[in-house]
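Structural overview
Chain by chain, the residues:
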Amino acid sequence: MEIRRFVDTDWHGSEHDGGGHGVWDVWHEVVSAGESYDNDPESTEQDARTHWLLPPPFEVWVAVEDGEVLGTYKVGPNKGRLGDHVANASFMVSTRARGRGLGRALGEHCLARARELGYVAMQFNAVVSTNTVAVRLWRSLGFIIVGTVPDGFRSTKHGLVDFHIMYRQL
């Protein structure tokens, strides 16, 4: 498994390498499930590109194995100029790679990258409470829950559920 910076060909994957799954496939799979991102589950590919491929200072990274994108994250400032010392990040892992430690590897990589970029902390603005795997992972990586928004997320499976704001210093 290689974690590296996103390049344009990662969006659709590299079919000639026997893979073919790209960031778009992972994004579509995760968002259409309606369990962890507030994007419209019927989002178009253009919606996905606009949401995920933000301009600098944001960076997009991918986890690739055998020409297939299995996961991705983006990292950048959580807020504007006076709050840009705190990073924000978003993560997606394909169901094809769940249970293999990829989320942890991406999380650790992202934390190290945020430190390299000069951020002093990281904040997640909306970790869905029913995404217990993510909540457990982020807690194990030193994040604390600094707030909870009751019924702040409309899960397609569970109905109204809470989301957490999670934070850690770098």
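Up top is the structure these notes are about.
Quick look at the structure, then. Bear in mind the structure is a predicted one, so any value in this text is a computation, not a measurement.

Criteria and cut-off values
- Residues numbered from 1 in each chain as written.
- Predicted model: local features only at pLDDT ≥ 70, side-chain atom pairs only at ≥ 80, totals over all residues.
- Heavy atoms only, no water.
- Axes fitted to C-alpha atoms, helices over the stretch in contact; angles between N-to-C directions.
- Helix = DSSP H or I, 4+ residues; strand = E, 2+ residues; numbered from the N terminus.
- Parallel < 35°, antiparallel > 145°, perpendicular 65-115°, else oblique.
- Contact = heavy atoms within 4.5 Å.
- Nonpolar A, V, L, I, M, F, W, Y, C, P; charged D, E, K, R; others polar.
- Expected span 1.5 Å × (residues − 1).
- Buried < 20%, exposed > 50% of the residue type's maximum accessible area, 1.4 Å probe, protein only.
- Arc of directions from axis to C-beta.
- Polar contact = N/O pair within 3.5 Å; in protein donor to acceptor, adjacent residues only side chain to side chain.

1. A few points about the packing of helix α1 (residues 23-33) against helix α2 (residues 45-52)
Their axes nearest at 10 Å, the elements α1 and α2 cross at an angle of 100°. Classified by the angle their axes make, α1 and α2 are roughly perpendicular. For the pair formed by α1 and α2, the contact residues are Val23, Trp24 and Trp27 on the first element and Glu45, Ala48, His51 and Trp52 on the second. Tallied by class, residues from the contact of α1 with α2 come to five nonpolar, one polar and one charged.

2. Observations concerning helix α3 (residues 102-116)
Spanning 15 residues, α3 covers 21 Å between terminal C-alpha atoms, matching the ideal 21 Å at 1.5 Å per step. Taken residue by residue, α3 has Leu102, Leu106, Gly107, Cys110, Leu111, Arg113 and Ala114 as its buried positions. Relative to the axis of α3, the buried residues are bounded by an arc of 165° and lie together on one face. Directly after α3, the chain includes Gly118, whose backbone phi takes a positive value near 95°.

3. Looking at the side chain of Glu59
The topology assignment puts Glu59 in strand β2 (residues 59-65). On the basis of relative accessibility, which here comes to 7%, the residue Glu59 falls in the buried class. Polar side-chain contacts of Glu59 include one of 3.0 Å to the side chain of Trp61. In this structure Glu59 touches Arg5, Tyr73, Lys74, Val75, Arg113 and Leu117, once residues within four positions along its chain are discounted.

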